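Next come the chains, spelled out residue by residue.
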Amino acid sequence: MSELRTFDDRKTLQRAAGELIASTLRAAIVERSEAHMALSGGSTPGPVYEALSTKESVDWEKVVVTLADERLTPSEDRTNSNQALVESTLLQNAGRHARFRAPEAGRDLPIQDLILLGMGGDGHFASIFPQLPNLEEVLSGDAPDVMHVAPDPLPDNAPYERLTMSLPAILRGRSILLLITGEDKREVFEEAKRSTPREHPISALLAAEPAQLVTYWAP
Ligand SMILES: O=C(O)[C@H](O)[C@@H](O)[C@H](O)[C@H](O)COP(=O)(O)O
């Protein structure tokens, strides 16, 4: 059964998320001599990545970072890419020793020790949006690990086609940390337990009842 933890405020949530990710990475390195994690973009995780970058207790040279999704920005908009977000927040301080691997459509990913997700107000996660023409493919059990998707219409706040991990690739993650903030998104999260993936894509993740999913929420 997945777990929901609530926090008094976003700063406390972000600090706790950094701690959880660091301990997950340390445990993975002890067990398998390396750790793989896939990160999301958005407005919530930046401070998590910054806090994480200062953790000297993580053997960062053994950490490989990729993205749960990526915005296919033109070169002049590169600062809006998720890679740019991760480079400017996580890949500094101690975290600069981690290796970054950009996702490629059709290229298999190693099992991720940790996948960090956010959720949009429409119930999207990674770049699995309600308006994906190929939504069923991205959610199907035989989907490739990474897929090219073209939300139609493109999202207002980041109007780009995307690369996204598929649902089966996400469900293969050893741990999945979902960060949600605000009352509105909490309502969407609760509603998604009873709706369809076309209404709220996150409902497909929740319907799988992944035991490795932990959701952090703050007002
Ligand atoms: O490229 C992106 O925008 C993200 O990967 C996206 O899936 C994000 O996780 C959600 O939109 C939630 O974003 P917040 O962090 O702003 O809630």
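You'll find the protein entered in an unreviewed UniProt entry as 6-phosphogluconolactonase, with Parvularcula maris given as the organism. Turning to the protein, the UniProt annotation filed under Function (unreviewed entry) states: "Hydrolysis of 6-phosphogluconolactone to 6-phosphogluconate." Among the UniProt annotations of the protein, the heading Sequence similarities (unreviewed entry) holds the following wording: "Belongs to the glucosamine/galactosamine-6-phosphate isomerase family. 6-phosphogluconolactonase subfamily."

Draft legend 1. Examining the packing of helix α1 (residues 10–32) against helix α2 (residues 46–53) more closely. In the contact formed by α1 and α2, the axes pass within 8 Å of each other and the chain directions differ by 50°. Between α1 and α2, the crossing angle belongs to the class labelled oblique. Seen along the crossing, α1 lies across α2 with a hand that is right-handed. Counting all contacts with α1, which are made through Q14, A17, G18, I21 and A22, the residues of α2 involved are P47, V48 and L52. Here the contact of α1 with α2 is composed, by residue class, of six nonpolar, two polar and no charged.

Draft legend 2. Main features of the nonpolar core. L117, F125, M165, I170, L178, I202 and L205 are the most contacted members of the largest nonpolar core, which has 35 residues in total. Top contributing element to this core by residue count: helix α7 (residues 202–207), with four residues. Apart from residues no more than four positions distant in its own chain, L205 is found in contact with L117, F125, L167, I170, L171, I176, P210 and L213. Membership of the second largest hydrophobic core comes to 33 residues, among which are F7, L85, V86 and L179.

Draft legend 3. Spatial organisation of the pairing of strand β6 (residues 114–118). The element β6 is extensively covered by neighbouring structure, given that four of its five residues are classed as buried. With two bridges joining them, strand β2 (residues 35–39) and β6 adopt parallel strand pairing. Opposite M37, over in β6, you have L114 as the bridge partner. As defined by bridge partners, β6 adjoins strand β9 (residues 176–181) across four bridges and the pair is classed as parallel. Looking at β9, one finds that G118 is bridged to L179.

Draft legend 4. View of the side chain of Q112. With respect to the helices and strands, Q112 occurs in the loop between β5 (99–100) and β6. Relative accessible area serves as the criterion here: at 3%, Q112 is assigned to the buried category. Within the local environment of Q112, its side chain forms a polar contact with the backbone nitrogen of A38, the two atoms lying 3.3 Å apart. Excluding residues that lie within four positions of it along the chain, Q112 makes contacts with H36, M37, A38, T66, M165, G173, R174 and S175.

Draft legend 5. Representation of the sheet that holds strand β7 (residues 146–149). If you walk across this open sheet you meet the three strands as β4-β8-β7, and the pairing is antiparallel. Two strands lie at the open edges of the sheet, namely β4 (69–71) and β7, each paired on one side alone. Adjacent strand axes in the sheet meet at a mean angle of 20°, parallel and antiparallel pairs treated alike. As paired strands, β7 and strand β8 (residues 162–165) are joined by four bridges and run antiparallel to one another. Its bridge partner lying in β8, V149 is registered against R162.

Draft legend 6. Representation of the pattern of salt bridges in the model. As enumerated under the stated definition, the model contains 12 salt bridges in all. Salt bridges sharing common partners tie together E31, R32, D113 and R174.

Parameters and conventions
Residues numbered from 1 in each chain as written. Predicted model: local features only at pLDDT ≥ 70, side-chain atom pairs only at ≥ 80, totals over all residues. Heavy atoms only, no water. UniProt positions renumbered as here; feature names shortened; annotations may be inferred. Axes fitted to C-alpha atoms, helices over the stretch in contact; angles between N-to-C directions. Helix = DSSP H or I, 4+ residues; strand = E, 2+ residues; numbered from the N terminus. Parallel < 35°, antiparallel > 145°, perpendicular 65-115°, else oblique. Left-handed = near helix turned anticlockwise from the far one by under 90°. Contact = heavy atoms within 4.5 Å. Nonpolar A, V, L, I, M, F, W, Y, C, P; charged D, E, K, R; others polar. Core = buried A, V, L, I, M, F, W, Y, C linked by side-chain atoms within 4.5 Å. Buried < 20%, exposed > 50% of the residue type's maximum accessible area, 1.4 Å probe, protein only. Pairing = 2+ DSSP bridges. Polar contact = N/O pair within 3.5 Å; in protein donor to acceptor, adjacent residues only side chain to side chain. Salt bridge = Lys/Arg side-chain N within 4 Å of Asp/Glu carboxyl O.

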